[in-house]
Amino acid sequence: MEKDIYIIRHGETDLNKMRIVQGSGIDSSLNEKGFAQSLAFYELYKNTGFDFVFTSSLKRTVQTVHNFILDGIPYKSSADINEISWGTHEGKAPDPILIQAYNEVVAKWMEKDYNAS
């Protein structure tokens, strides 16, 4: 049987709005705009007939799909799909050193070096 998979990003958090690095070590909640984004996604897709919802263990991801969970769609949260860790950069605004390091890692990933960190 063929299935469609929908992959979505969580709604906005205050730290997103301030351009602060979160990663997996900061478990922030959605802000007002993030909850509105969550509701807009729900309203657009509530009749899609999802069989299952799978989220990371971070609050912002569960909050993003909360209305589907309230509808009784089975779900599971797992830390196995949490965002990557940004280590000492989490909770800080990106600086030129972080931006350069990020760009270098992404370039390595583009070259299929998926162990680059």
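An account of the accompanying structure is given in this report. (Residues numbered from 1 in each chain as written. Predicted model: local features only at pLDDT ≥ 70, side-chain atom pairs only at ≥ 80, totals over all residues. Heavy atoms only, no water.)

1. Overview of the overall build of the protein
Item 1. Scanning the protein for helices and strands turns up 5 helices and 2 strands.
Item 2. When each of the 117 residues of the protein is scored for burial, the buried share is 29%.
Item 3. For the protein, restricting intrachain contacts to residue pairs at least 6 apart in sequence, the fraction spanning at least 24 positions comes to 55%.
Item 4. Carbon and sulfur atoms form 55% of the exposed surface of the protein, whose accessible area is close to 8400 Å².
Item 5. Of the side chains in the protein, 12 bear a positive and 16 a negative charge, and the two mean positions are spaced by 3 Å. (Helix = DSSP H or I, 4+ residues; strand = E, 2+ residues; numbered from the N terminus. Buried < 20%, exposed > 50% of the residue type's maximum accessible area, 1.4 Å probe, protein only. Contact = heavy atoms within 4.5 Å. Areas by Shrake-Rupley, 256 points an atom, 1.4 Å probe, with all protein chains shown as cover. Lys, Arg positive; Asp, Glu negative; His and termini not counted. Charge placed at Lys NZ, Arg CZ, Asp CG, Glu CD.)

2. Considering a nonpolar patch on the surface
Item 1. On the surface, F52, F54 and I81 cluster together to form a nonpolar patch covering roughly 300 Å² of accessible area.
Item 2. Turning to its location among the elements, F54 is positioned in strand 1 (residues 53-56). (Patch = residues over 30% accessible without salt bridge, like charges linked within 9 Å, V, L, I, M, F, W, Y side chains within 5 Å. Salt bridge = Lys/Arg side-chain N within 4 Å of Asp/Glu carboxyl O.)

3. Side note on helix 5 (residues 96-110)
Item 1. In this model helix 5 runs 21 Å from its N-terminal to its C-terminal C-alpha over 15 residues, within 8% of the 21 Å that 1.5 Å per residue would give.
Item 2. For helix 5, the capping residue at the N-terminal end is D95, with a side-chain oxygen 3.1 Å from the backbone nitrogen of I97.
Item 3. Count one or two residues on from helix 5 and you reach K112, which has phi positive near 70°. (Expected span 1.5 Å × (residues − 1). Polar contact = N/O pair within 3.5 Å; in protein donor to acceptor, adjacent residues only side chain to side chain.)

4. A word on the packing of aromatic side chains
Item 1. Applying the stated criterion to the full structure yields 7 aromatic pairs.
Item 2. Ring centres of Y42 and F68 lie 5.0 Å apart, and the angle between their planes is 70°; on these two criteria the pair is classed as edge-to-face. Here the residue Y42 occupies a position in helix 2 (residues 32-45), and F68 occupies one in helix 4 (residues 66-70), the gap between them amounting to 26 residues. Residue Y42 shares its accessibility class with F68, and that shared class is buried.
Item 3. When the ring of W86 is compared with that of Y102, the centres are 5.6 Å apart and the planes differ by 45°; the resulting orientation is tilted. With W86 in the loop between strand 2 (75-78) and helix 5 and Y102 in helix 5, this residue pair connects regions lying 16 residues apart in the sequence.
Item 4. Note on W86: relative accessible area 24%, which makes it partly exposed.
Item 5. Connected via pairs of aromatic rings, a cluster forms that spans Y6, F41, Y42, Y45, F50 and F68. (Phe/Tyr/Trp six-rings, centres within 6.5 Å; stacked < 30°, edge-to-face > 60°.)

5. Considerations on the environment of N16
Item 1. Positionally, N16 belongs in helix 1 (residues 14-17).
Item 2. Judged by its relative accessible area of 21%, N16 falls in the partly exposed class.
Item 3. Here the alpha-carbon distance between N16 and S56, two residues 40 residues apart in the chain, equals 17 Å.
Item 4. With sequence-adjacent residues up to four places away left out, N16 is seen in contact with R9, H10, G11 and Q22.

6. Describing unusual backbone geometry
Backbone phi values are negative for most residues with the exception of glycine, while trans is the configuration of most peptide bonds.
Item 1. Here R19, not a glycine, exhibits a phi torsion of approximately 60°, which is positive.
Item 2. Relative to the helices and strands, R19 resides in the loop between helix 1 and helix 2.
Item 3. The phi dihedral of K112 falls on the positive side, at around 70°, and the residue is not glycine.
Item 4. Position of K112 among the secondary structure elements: in the segment after helix 5.
Item 5. On the basis of relative accessibility, which here comes to 63%, the residue K112 falls in the exposed class.

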